[in-house]
Amino acid sequence: MHSKDEFAREQLHSAKFVADQLSKYRLGNAINRKSVWTHADVSKYLGGTNHSDPINYWHNSSKNWFAGDYTINDFIWLVNQIKNKTLMLGVVKK
């Protein structure tokens with residue numbers, strides 16, 4: 001991604017996809033990473049993947065565009081907010 005808006009939109013779309021899959025397969029919420037695994041988790045517990053995790057990408061992008069860090073726990077929080085329909089988007093204008 002080439003901007004903070006693109007990065008944020010990418011995370012939102014990815015989290016929506018995961019939330020939809022959790023609902024489709026009736027897996028509940030993504031609590032304690034039981035239902036949402038990183039590529040490293042799959043390699044560790046199941047094997048058969050050589051994909052890299054987005055963790056460094058998330059860290060670098062969030063640091064550059066938001067002066068903070070974005071972790072797998074932040075992603076899981078976003079997934080749960082979307083799945084539970086508690087995510088509020090937009091800015092409140094006074």
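Everything below is about the structure printed above this text.
Since this is a predicted model, take the numbers as computed values, not measurements. (Residues numbered from 1 in each chain as written. Predicted model: local features only at pLDDT ≥ 70, side-chain atom pairs only at ≥ 80, totals over all residues. Heavy atoms only, no water.)

Novice: How should I be thinking about the overall build of the chain in this particular structure?
Specialist: On a plain count of helices and strands, the chain comes out with four helices and zero strands. Here the C-alpha coordinates of the chain stretch approximately 50 × 30 × 20 Å along the principal axes. Counting contacts in the chain only where the partners sit at least 6 residues apart, residues at least 24 apart contribute 58% of the total. Distance between charge centres in the chain, computed from 13 positive and 8 negative side chains, equals 9 Å. (Helix = DSSP H or I, 4+ residues; strand = E, 2+ residues; numbered from the N terminus. Contact = heavy atoms within 4.5 Å. Lys, Arg positive; Asp, Glu negative; His and termini not counted. Charge placed at Lys NZ, Arg CZ, Asp CG, Glu CD.)

Novice: Just to check I follow, could you spell out the packing of helix 1 (residues 4-24) against helix 4 (residues 72-83) for this structure?
Specialist: The angle between the axes and the distance between the axes are what describe a pair of packed helices. Packing of helix 1 against helix 4 leaves a shortest axis separation of 8 Å and a crossing angle of 60°. For the element pair helix 1 / helix 4, the angle class is oblique. Crossing of helix 1 over helix 4 shows right-handed handedness. Contact residues: helix 1 offers Gln11, Leu12, Ser14, Ala15, Lys16, Val18, Ala19, Leu22 and Ser23, while helix 4 offers Phe75, Leu78, Val79, Ile82 and Lys83. By residue class, the composition of the contact of helix 1 with helix 4 is nine nonpolar, three polar and two charged. (Axes fitted to C-alpha atoms, helices over the stretch in contact; angles between N-to-C directions. Parallel < 35°, antiparallel > 145°, perpendicular 65-115°, else oblique. Left-handed = near helix turned anticlockwise from the far one by under 90°. Nonpolar A, V, L, I, M, F, W, Y, C, P; charged D, E, K, R; others polar.)

Novice: When you look at helix 4 in this model, what are you seeing that I'm missing?
Specialist: Taking 1.5 Å per residue, twelve residues should reach 16 Å; helix 4 reaches 16 Å between its end C-alpha atoms and fits that length. In terms of residue burial, helix 4 counts as a mostly covered element, since nine of its twelve residues are buried. Those residues of helix 4 that sit buried are Ile72, Phe75, Ile76, Leu78, Val79, Asn80, Gln81, Ile82 and Lys83. Turning to helix 4, the residues buried within the fold contact helix 1 and helix 3 (55-66). (Expected span 1.5 Å × (residues − 1). Buried < 20%, exposed > 50% of the residue type's maximum accessible area, 1.4 Å probe, protein only.)

Novice: Honestly, the side chain of Ser62 in this entry has me stumped. Any pointers?
Specialist: Topologically, Ser62 is positioned in helix 3. Excluding its chain neighbours within four sequence positions, the residues that come into contact with Ser62 are Phe7, Ala67, Gly68, Asp69 and Tyr70.

Novice: Whenever I open this one, the packing of helix 1 against helix 3 confuses me. Can you help?
Specialist: Taken N-terminus to C-terminus, the directions of helix 1 and helix 3 make an angle of 135°; their axes are 10 Å apart at the nearest point. In terms of orientation, helix 1 lies oblique with respect to helix 3. Of the two possible hands of crossing, helix 1 and helix 3 adopt the one that is left-handed. Of helix 3, the residues touching helix 1 (which contributes Lys4, Phe7, Ala8, Glu10 and Gln11) are Tyr57, Trp58, Ser61, Ser62, Trp65 and Phe66. Tallied by class, residues from the contact of helix 1 with helix 3 come to six nonpolar, three polar and two charged.

Novice: Honestly, the packing of aromatic side chains in this entry has me stumped. Any pointers?
Specialist: Given two aromatic rings, their pairing is described by the distance between the two centres and the angle made by the two planes. What the rule picks out here adds up to seven aromatic pairs. Ring centres of Phe7 and Tyr57 lie 5.8 Å apart, and the angle between their planes is 70°; this geometry places the pair in the edge-to-face category. Here Tyr57 lies in helix 3 and Phe7 lies in helix 1, a separation of 50 residues in the sequence. Plain terms: the ring middles of Phe7 and Tyr70 are 5.9 Å apart, the flat faces sit at 80° to each other, and that makes the pair edge-to-face. Here Phe7 is found in helix 1, whereas its partner Tyr70 is found in the loop between helix 3 and helix 4, with 63 residues between them in sequence. The residues Phe7 and Tyr70 share a single accessibility class, namely buried. Within the aromatic cluster, the residues linked to one another by ring pairs are Phe7, Tyr57, Trp58, Trp65, Phe66, Tyr70 and Phe75. (Phe/Tyr/Trp six-rings, centres within 6.5 Å; stacked < 30°, edge-to-face > 60°.)

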